[in-house]
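Coordinate analysis (summary)
Here are the chains, one letter per residue:
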Amino acid sequence: MMTIWGRLTSINVAKAVWAARELGLQFERIDVGGPYGGLDTPEYGALNPNRRIPTLDDDGYILWESNSIVRYLAARYGAAGTLWPADPRARGLSDRWLDWQATSFGPAMGPAFVGLVRTPEAQRNPQAIASSVEQVGRLLLLLEGVFADGRTFIAGESFTMGDIAVGCAVDRWFLLPVERPETPALAAWHQRVASRPAAQGILGQPLQ
Ligand SMILES: N[C@@H](CCC(=O)N[C@@H](CS)C(=O)NCC(=O)O)C(=O)O
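Residues numbered from 1 in each chain as written. Predicted model: local features only at pLDDT ≥ 70, side-chain atom pairs only at ≥ 80, totals over all residues. Heavy atoms only, no water.

Here is the rule we go by: UniProt positions are given in the numbering used here, feature names are shortened, and annotations may be inferred rather than shown by experiment.
With an unreviewed UniProt entry as reference, the protein chain is termed Glutathione S-transferase GstB, source organism Pigmentiphaga humi. Annotation of the protein chain in UniProt includes, under Sequence similarities (unreviewed entry), the sentence "Belongs to the GST superfamily."

Printed below as a string of structure tokens:
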């Protein structure tokens, strides 16, 4: 029995759910966090002392941190070559994008996302939003450079876990009403991953 705790409007829950769907896993998702609350209960704290979403319960094996969940699911349930490349060098070229999303793209997009989606207009910090938009613009151009060689997915010709982490982040950024540099190769990749059956209802959703 597999359970993923967390509202689907969370980028981090979206990554875990998308990975589970790509792998064809059966699971239940329980809405907690955001408007659903439930993160401050003793029961949730016992599962996840960090009191964030997502949390995975895989038959009693509890794991939190979204990218660790994606890696775990891919390694445990991916047939050779799917999501989790078998060759360590190929895997590294996918795996780095999970870290990059968490440590570069995520922090860069945070101020604009929170400012524009979660903050009433009168309380917004325009300088923080502008700086965030500028930083992410540079990272989008970095990604455009990655896809400029004609590759189909972020680490080559196969869809892997790196596409999930960066796909969720870029999808949200593309939905924000901000100026963006022209990135046609990146936009084509985004279309490609967003049209996957397992991404339906996860990518392209209204931001909340
Ligand atoms: N590094 C953590 C971050 C988890 C996190 O901050 N999740 C947010 C949602 S994206 C959260 O729990 N927010 C509180 C809430 O939704 O109530 C991860 O990747 O899982």
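After that view, the rundown keeps rolling.
**So, the layout of surface pockets**
Here the idea is plain: a probe the size of a water molecule rolls over the atoms and shows the empty space left. Here is the rule we go by: Of the two site types, the cavity is a set of points on a 1 Å grid over the protein atoms alone where a 1.4 Å probe fits but cannot get out, and the pocket is an open set with protein on both sides within 12 Å along at least five of seven lines, each lined by residues with an atom within 4 Å of a point. Grid points are joined across faces, edges and corners, and a volume is the space filled by probe spheres set on the points. Strands here are runs of E lasting at least two residues and helices are runs of H or I lasting at least four, both read from the DSSP assignment and numbered beginning at the N terminus. Think of it as three bins: nonpolar holds Ala, Val, Leu, Ile, Met, Phe, Trp, Tyr, Cys and Pro, charged holds Asp, Glu, Lys and Arg, and polar takes everything else, Gly as well. Start and end points for every domain follow an automatic or database-based domain assignment.
Reported here for the largest pocket is a volume of approximately 700 Å³. Ser10, Ile11, Asn12, Arg52 and Ile53 are, among the 29 residues lining the largest pocket, the residues nearest its centre. Elements represented by at least two residues in the lining of the largest pocket include exactly α1 (11–22), α3 (66–77) and α4 (88–118). If you tally residues by element for the lining of the largest pocket, the top one is α4, at eight residues. In terms of residue class, the lining of the largest pocket is made up of nine nonpolar, 13 polar and seven charged. Shared between two domains, the lining of the largest pocket holds at least three residues of each, these being domain 1 (2–77) and domain 2 (88–199).

**Notes on the sheet that holds strand β4 (residues 61–64)**
Basically, it comes down to this: At least two DSSP bridges between two strands are required for those strands to pair. Lines fitted to the C-alpha atoms define the axes, with helices restricted to the stretch that makes contact. Angles between their N-to-C directions range from 0 to 180 degrees. By definition in these notes, contact holds between two residues if any of their heavy atoms fall within 4.5 Å.
Pairing is mixed in the open sheet, where four strands are placed in the order β2-β1-β3-β4. Edge positions in the sheet fall to β2 (28–30) and β4, since each of these pairs with one other strand and no more. This sheet shows a mean twist of 20 degrees between the axes of neighbouring strands, independent of strand direction. Its contacts with the sheet put α1 on β1 (2–5) and β2, and the angle it makes with β1 is roughly 155 degrees.

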